[in-house]
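Listed below are the residues making up each chain.
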Amino acid sequence: SGTWTFSSSTGTAPYNFTTSSPLNGLTLYRNGTLSGQPTAAAVMSITVNAQDATGCTASKTFTLVVCDLAFATPATLPSGSLGSPYNVTVLTTGG
């Protein structure tokens, strides 16, 4: 999960941000905050629309990459000894 906030450097505040793109577990709030927990790994093209207080509009398309990261266990590896063979099993989840 995470949060990203879209903003505008021109126009008249306040701004209203919208999208008609499917976001797979994420929500784009009117204030420009994109947050939530993605439901699947994907590369998505999303178009964000902005409207300022005077009714002027702009749109921009972004590429959003959602990765399914792998985590390895154990979290720390045991110490080895100089001159001795070293063997440890590392397991991953996700990815």
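Residues numbered from 1 in each chain as written. Predicted model: local features only at pLDDT ≥ 70, side-chain atom pairs only at ≥ 80, totals over all residues. Heavy atoms only, no water.

Caption draft 1: Expanded view of the overall build of the chain. In terms of regular secondary structure, the chain is built from zero helices and eight strands. Overall, the chain shows an N-to-C arrangement of helices and strands of β-β-β-β-β-β-β-β. What you see for the chain is a C-alpha radius of gyration of 21 Å, clearly larger than the 12 Å of a compact globule of 95 residues, by over 25%. With the principal axes as the frame, the chain shows a C-alpha extent of 75 × 25 × 15 Å. Out of the 95 residues in the chain, the part that is buried amounts to 17%. By sequence separation, contacts in the chain at least 24 residues apart represent 42% of the contacts at least 6 residues apart. (Helix = DSSP H or I, 4+ residues; strand = E, 2+ residues; numbered from the N terminus. Rg over C-alpha atoms; globule rule 2.2 N^0.38 Å. Buried < 20%, exposed > 50% of the residue type's maximum accessible area, 1.4 Å probe, protein only. Contact = heavy atoms within 4.5 Å.)

Caption draft 2: Structural view of a nonpolar patch on the surface. The grouping of Leu77, Tyr86 and Val90 at the surface amounts to a nonpolar patch, some 300 Å² of accessible area in total. Here Val90 is to be found in the loop between strand E7 (71-73) and strand E8 (91-93). By relative accessible area, Val90 is classed as partly exposed at 44%. (Patch = residues over 30% accessible without salt bridge, like charges linked within 9 Å, V, L, I, M, F, W, Y side chains within 5 Å. Areas by Shrake-Rupley, 256 points an atom, 1.4 Å probe, with all protein chains shown as cover. Salt bridge = Lys/Arg side-chain N within 4 Å of Asp/Glu carboxyl O.)

Caption draft 3: Just the sheet that holds strand E5 (residues 42-51), in detail. Reading across from one edge, E2-E5-E6 is the order of the three strands in this open sheet, with antiparallel pairing throughout. For this open sheet the edge positions go to strand E2 (16-18) and strand E6 (57-66), each flanked by a neighbour on one side alone. Between one strand axis and the next, the sheet turns through 25 degrees on average, direction left out of account. Pairing analysis gives 10 bridges linking E5 to E6, with the strands arranged antiparallel. (Pairing = 2+ DSSP bridges. Axes fitted to C-alpha atoms, helices over the stretch in contact; angles between N-to-C directions.)

Caption draft 4: Local environment of the nonpolar core. Core analysis: the largest hydrophobic core is formed by 11 residues, namely Phe6, Phe17, Leu23, Leu26, Leu28, Leu34, Met44, Ile46, Val48, Ala50 and Val66. Contributing elements (two or more residues each) for this core: strand E3 (26-28) and E5. A total of four residues in this core trace back to one element, the largest contributor, which is E5. The contacts of Ile46, once residues within four sequence positions are left out, are Phe6, Ser21, Pro22, Leu23, Lys60, Thr61 and Phe62. (Core = buried A, V, L, I, M, F, W, Y, C linked by side-chain atoms within 4.5 Å.)

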